[in-house]
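Here are the chains, one letter per residue:
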Amino acid sequence: MPKTRIYLTGVGGQGTLTATNLLAQIGLDNGLDVTAGEIHGMAQRGGVVASTILFGGYQSPKISPGEADILLGFEPLETYRALCFLAPTGVAVSNSEPILPIGVALGREAYPDMETIRKATDQQADRSFFLPCLSLAKQAGTPQAANIVLLGALCALELIPISLEQLQTGIRDHLKPKIVDINLRAVELGAAAVTRHD
């Protein structure tokens with residue numbers, strides 16, 4: 001199995017850690033060697049949430065700057081901030097719809113325009129994909145499924161040793177029954193969106 005290091009980042013309430021735990025559990029279910037870690041000090045107040053998943057026998061969950069093969073960004077500003085972790089050969093897969101920090105919402109600070117974020121990402125990454133995860137999640141049935149939209153896109157790109165089918169099985173096995181169908185729709189929408197991405 002090829003070694004793969006994934007750096008995941010978002011803000012509190014987006015399900016970044018749920019996505020991390022789900023992906024790691026699916027990896028274990030399928031016999032993969034998985035190491036994972038998380039940092040979420042201010043997550044409940046909309047603060048930054050960062051986590052890591054490493055496939056292939058890593059002993060530590062730490063990813064240093066320039067080492068991530070994949071940057072999975074649940075919020076575009078956090079994708080921007082985490083670009084330093086991405087290897088020059090790495091791939092960025094990100095939500096394109098901002099969740100405004102409190103300072104921006106109150107008019108005290110400015111949010112970078114998406115063109116700036118996309119340009120910086122394109123300069124750092126070998127390839128990048130920005131998807132309207134929040135809109136797609138609403139289309140699936142709930143905005144809370146935006147994290148699963150992003151996982152669907154990631155698995156559809158075949159960048160990690162977890163297939164779309166394995167992700168769908170994992171959702172059935174590990175999420176509450178009442179939210180399974182919505183999340184399966186979210187996977188399909190994320191996969192379709194990244195397949196159409198130019």
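Everything in this summary refers to the structure shown in the same document. Just so we're clear, the structure is a prediction, and the values are computed from it rather than from any experiment.

### Topic: the sheet that holds strand S5 (residues 86–95)
Here is step 1: Ordered in space as S2-S3-S1-S4-S5-S6, the six strands form an open sheet in which the pairing is mixed. Each end of this open sheet is capped by a strand with a single partner; those strands are strand S2 (34–39) and strand S6 (127–131). Neighbour-to-neighbour, the strand axes of this sheet turn through a mean angle of 15 degrees, independent of strand direction.
Here is step 2: In this sheet, strand S4 (residues 68–73) lies alongside strand S1 (residues 4–11) in parallel orientation, the contact comprising four bridges.

### Topic: helix H7 (residues 164–174)
Here is step 1: Within H7 the residues assigned to the buried category are Leu167, Gln168, Gly170 and Ile171. Take H7 and look down its axis: the buried residues cluster within an arc of 160 degrees, on one side only. Of the residues in H7, the exposed ones pointing more than 90 degrees away from the buried face are Glu165 and Asp173.
Here is step 2: Buried-residue contacts for H7 involve helix H1 (16–29), helix H6 (146–156) and helix H8 (177–196).

### Structural notes on unusual backbone geometry
Here is step 1: The phi torsion at glutamate 158 lies on the positive side, around 60 degrees, for a residue other than glycine.
Here is step 2: Tracing the backbone shows glutamate 158 in the loop between H6 and H7.

### A look at the environment of alanine 137
Here is step 1: Looking at the secondary structure, you find alanine 137 in helix H5 (residues 133–140).
Here is step 2: Sequence separation between alanine 137 and leucine 189 is 52 residues, and the spatial gap between their C-alpha atoms is 8.0 Å.
Here is step 3: Setting aside chain neighbours within four positions, we find alanine 137 in contact with Thr142, Pro143, Ala145, Ala146 and Val149.

### A word on helix H4 (residues 114–124)
Here is step 1: For H4, the complete set of buried residues consists of Met114, Ile117, Ala120 and Thr121. The buried residues of H4 occupy an angular sector of 135 degrees when projected down its axis, which confines them to one face. Turned more than 90 degrees from where H4 packs its buried face, Glu115, Lys119 and Gln123 sit exposed.
Here is step 2: Residues of H4 that are buried sit in contact with helix H2 (76–81), S5 and S6.
Here is step 3: The N-terminus of H4 is capped by aspartate 113, whose side-chain oxygen sits 3.0 Å from the backbone nitrogen of glutamate 115.

### Considerations on the pattern of salt bridges
Here is step 1: Considering all chains together, one arrives at two salt bridges under this definition.
Here is step 2: The partner of glutamate 67 in a salt bridge is arginine 5, with the nearest N and O atoms 3.7 Å apart. Here the residue glutamate 67 occupies a position in the loop between strand S3 (48–55) and S4, and arginine 5 occupies one in strand S1, the gap between them amounting to 62 residues.
Here is step 3: Residue glutamate 67 is classed as partly exposed on the basis of its relative accessible area, which comes to 26%.
Here is step 4: The closest approach of N and O atoms between arginine 81 and glutamate 78, which form a salt bridge, is 3.5 Å. Separated by three residues within a single helix, arginine 81 and glutamate 78 lie in helix H2, roughly one turn from each other.

### What about the packing of H5 against H6?
Here is step 1: The geometry of H5 relative to H6 is characterised by a closest axis approach of 8 Å and an angle of 105 degrees between their N-to-C directions. In terms of axis orientation, H5 runs roughly perpendicular to H6. For the pair H5 and H6, contact is made by Cys133, Leu134, Leu136 and Ala137 and by Ala146, Val149 and Leu150, respectively.
Here is step 2: Partitioned by chemical class, the residues of the contact of H5 with H6 number seven nonpolar, no polar and no charged.

### Re the packing of H5 against H8
Here is step 1: Across the interface, H5 lies against H8 with an axial gap of 8 Å and an inter-helix angle of 135 degrees. Judged on the interaxial angle alone, H8 and H5 are oblique. In this structure, H5 crosses over H8, and the sense of that crossing is right-handed. Two secondary-structure elements touch here, H5 through Leu136, Gln139 and Ala140 and H8 through Ile182, Arg185, Ala186, Leu189 and Ala193.
Here is step 2: For the contact of H5 with H8, a count of residues per class yields six nonpolar, one polar and one charged.

Conventions adopted
- One numbering rule holds for all chains: residues counted from 1, following each sequence as written.
- Restriction of local features to residues with pLDDT of at least 70 applies here, the model being predicted, together with a cutoff of 80 or more for giving and counting side-chain atom pairs; totals for whole chains, interfaces and linings are based on all residues.
- In computing side-chain values, all of the structure's heavy atoms are included and hydrogens and water are not.
- Paired strands, as defined in this entry, are two strands with at least two bridges between them according to DSSP.
- Numbering of helices and strands runs from the N terminus; a helix is a DSSP stretch of H or I covering at least four residues, while a strand is a stretch of E covering at least two.
- Axis definition: a line fitted to C-alpha atoms, over the contacting stretch in the case of helices. Angles run 0 to 180 degrees between N-to-C directions.
- For every residue, the accessible area (1.4 Å probe, protein chains only) is compared with the maximum for its type, and the residue is labelled buried under 20%, exposed over 50%, or partly exposed between those bounds.
- Throughout, the arc means the angular range of directions from the helix axis out to the C-beta atoms.
- When checking whether two residues touch, look at their non-hydrogen atoms; a contact exists if any pair is within 4.5 Å.
- A 3.5 Å cut-off defines polar contacts: any pair of N or O atoms within that distance qualifies, except that in protein one atom must be a possible hydrogen donor and the other a possible acceptor, and neighbouring residues in sequence count only when both atoms are side-chain atoms.
- Here a salt bridge means any side-chain nitrogen of Lys or Arg lying within 4 Å of a carboxyl oxygen belonging to Asp or Glu.
- Here is the rule for angles: anything less than 35 degrees is roughly parallel, anything more than 145 is roughly antiparallel, 65 through 115 is roughly perpendicular, and the remaining ranges are oblique.
- For this scheme, ten residues count as nonpolar: Ala, Val, Leu, Ile, Met, Phe, Trp, Tyr, Cys and Pro. Four count as charged, namely Asp, Glu, Lys and Arg, and the remainder, Gly too, count as polar.
- Put simply, a crossing is left-handed when the front helix is turned counterclockwise from the back one by less than a right angle, and right-handed when it is turned clockwise.

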